[in-house]
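Structure assessment
Given next are the chains, with one letter for each unit.
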Amino acid sequence: MFMHAPMKETGGFMHILFNMFTLWSFGPILEQSLGEKKYLILYFVSGLGAFFLFNLWNFVEAQQIISGLESLGLSASEIYPKAAIDYVGNLNISATTTEGQALSSQYYTLLRTPMIGASGAIFGVVTAFATLYPDSKIAMMFIPIPIKVKYLMPVVIIVSIWLGVSGSGGSVAHLAHVGGALVGFLLAWIWKKHLYRFN
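What comes next concerns the included structure. The residue count restarts for each chain, going from 1 along the sequence in the order it is written. Thresholds applied to this predicted model are a pLDDT of at least 70 for local features of residues and 80 or more for the giving and counting of side-chain atom pairs; totals over whole chains, interfaces and linings are not thresholded and use all residues. The side-chain values count all of the structure's non-hydrogen atoms but skip hydrogen atoms and water molecules.

1. Side note on the environment of Ser104
- Strands are runs of DSSP state E lasting at least 2 residues, helices are runs of H or I lasting at least 4, and numbering of each runs from the N terminus. Inspection of the secondary structure puts Ser104 in helix H5 (residues 98-112).
- A 1.4 Å probe rolled over the protein chains alone gives each residue an accessible area, and that area as a share of the maximum for its type sets the label: buried under 20%, exposed over 50%, partly exposed in between. Residue classification places Ser104 among the buried positions, given a relative accessible area of 1%.
- Considering only alpha carbons, one finds Ser104 and Gly68, 36 residues apart in sequence, at a separation of 9.6 Å.

Here is the structure:
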């Protein structure tokens, strides 16, 4: 949550700038409403929720790849992470078919790609805002009219789910966004009942 990818594929500097602008836009309102302690809990637990969902999905994907490699006749020792890592260096995994090599490459990429960035925690903050203030209107860069957050957030989350599950979202961890949003919604929903009683 305190590092960011400098790669061009993830938007580089503009990505972290957008994340920090979003945090600056929504954070002060939530901090004032929830209090410092709950706001910190919201941010960090949303980041952990992002980490959990992203890695749970990675585990499911890894199991699917392993099943595919096993169906090609590879043994468990050849599929083991060390073999996948060695594969990239010297092609010593015995996946002789094109399909086997493609699966091995996917497996290696899955195991070796780090997850960094604040986006999951930011999604938690924005979703908490949408839960506490659903009728607030916000203006976005590409939409000329203000839209209520209760309509905008579900669309953003559905798109993130689709991009994450379909794998068409490039190197952005879209399911981390969803994990952060889920935690942000749950915490805000729990706290909303007592928002003005406990601060």
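Following the structure, the description resumes.
2. Overview of the nonpolar core
- Residues Leu30, Leu42, Tyr43 and Val125 are the most contacted members of the largest nonpolar core, which totals 27 residues.
- Secondary structure elements with two or more residues in this core: helix H1 (12-34), helix H2 (36-71), helix H6 (119-132), helix H7 (149-166) and helix H8 (174-192).
- For this core, the element with the most residues is H6, which contributes 9 residues.
- Note on definitions: a residue-residue contact is assigned when non-hydrogen atoms from the two residues lie within 4.5 Å. Val125 has contacts with Leu23, Phe26, Gly27, Leu30, Tyr39, Leu42 and Tyr43, leaving out every residue within four places of it along the chain. Buried Ala, Val, Leu, Ile, Met, Phe, Trp, Tyr and Cys residues that are joined via side-chain atoms within 4.5 Å together make up what is termed a nonpolar core.

3. Notes on the packing of aromatic side chains
- Any two of the Phe, Tyr and Trp rings considered here, Trp counted by its six-membered ring, make a pair once their centres fall within 6.5 Å; the pair's planes then place it as stacked at under 30 degrees, edge-to-face at over 60, or tilted in between. Here the structure, examined in full by the defined rule, presents 4 aromatic pairs.
- The interplanar angle of 65 degrees and the centroid separation of 4.9 Å between the aromatic rings of Phe26 and Phe129 together place this pair among those described as edge-to-face. Separated by 103 residues along the polypeptide, Phe26 in helix H1 and Phe129 in helix H6 bring together distant segments of the chain.
- Taking the centre distance of 5.6 Å and the plane angle of 90 degrees together, the rings of Tyr43 and Phe44 count as edge-to-face.

4. Overview of the pattern of salt bridges
- The term salt bridge refers to a side-chain nitrogen of Lys or Arg lying within 4 Å of a carboxyl oxygen of Asp or Glu. Summed over the entire model, instances satisfying the criterion amount to 2 salt bridges.
- In this structure, Asp135 engages Lys148 in a salt bridge whose closest nitrogen and oxygen atoms are separated by 3.8 Å. Taken as a pair, Asp135 in the loop between H6 and strand S1 (137-140) and Lys148 in strand S2 (residues 143-148) lie far apart in primary sequence, 13 residues in all.
- We classify Asp135 as partly exposed; its relative accessible area is 43%.
- Across the salt bridge formed by Lys150 and Asp135, the nearest N and O atoms sit 2.8 Å from each other.

5. Digging into the side chain of Ser160
- With respect to the element layout, Ser160 can be found in helix H7.
- Accessibility expressed as a relative area gives 6% for Ser160, which makes it buried.
- Apart from residues lying up to four places away in sequence, Ser160 is in contact with Phe123, His174, His177 and Val178.

6. Comments concerning the packing of H6 against H7
- To get an axis, a line is fitted to the C-alpha atoms, and for a helix only the part in contact is used. The angle between two axes follows their N-to-C directions and goes from 0 to 180 degrees. Running from amino to carboxyl end, H6 crosses H7 at an angle of 145 degrees, the nearest separation of the two axes being 9 Å. Between H6 and H7 the crossing geometry is left-handed. Here H6 contributes Phe123, Val126, Thr127, Phe129 and Ala130 to the contact with H7, which in turn contributes Val149, Met153, Val156, Ile157 and Ser160. Whether a crossing is left-handed or right-handed is set by the direction in which the near helix is turned from the far one by less than a right angle, anticlockwise for left-handed and clockwise for right-handed.

7. So, H7
- An expected span of 1.5 Å times one less than the residue number is assigned to each helix. Here H7 contains 18 residues, and its C-alpha end-to-end distance of 25 Å stays within 8% of the 26 Å for a straight helix at 1.5 Å per residue.
- Those residues of H7 lying buried are Val149, Leu152, Met153, Ile157, Ser160 and Gly164. On an axial view of H7, the arc spanned by its buried residues comes to 125 degrees, and they lie on one face. Along H7, exposed side chains directed more than 90 degrees from the buried face belong to Tyr151, Ile158 and Trp162.
- For H7, the elements touching its buried residues are H2, H6, S1, S2 and H8.
- A positive phi of about 75 degrees marks Gly167, the residue just after H7. The arc under discussion is defined with respect to the helix axis, by the directions toward the C-beta atoms.

8. Description of the packing of H2 against H6
- Orientation of H2 relative to H6, taken along the N-to-C sense of each, is 125 degrees, at an axis distance of 7 Å. Taken together, H2 and H6 sit at an angle that is classed as oblique. In this structure, H2 meets H6 at a crossing whose hand is right-handed. Here H2 contributes Tyr39, Leu42, Tyr43, Ser46, Gly47 and Ala50 to the contact with H6, which in turn contributes Gly120, Ala121, Ile122, Gly124, Val125 and Ala128.
- Looking at side-chain class alone, the contact of H2 with H6 contains 8 nonpolar, 4 polar and no charged residues. Here roughly perpendicular refers to angles of 65 to 115 degrees, roughly parallel to angles under 35, roughly antiparallel to angles over 145, and oblique to all remaining angles. As a working rule, the residues Ala, Val, Leu, Ile, Met, Phe, Trp, Tyr, Cys and Pro are called nonpolar, Asp, Glu, Lys and Arg charged, and the rest polar, with Gly in that last group.

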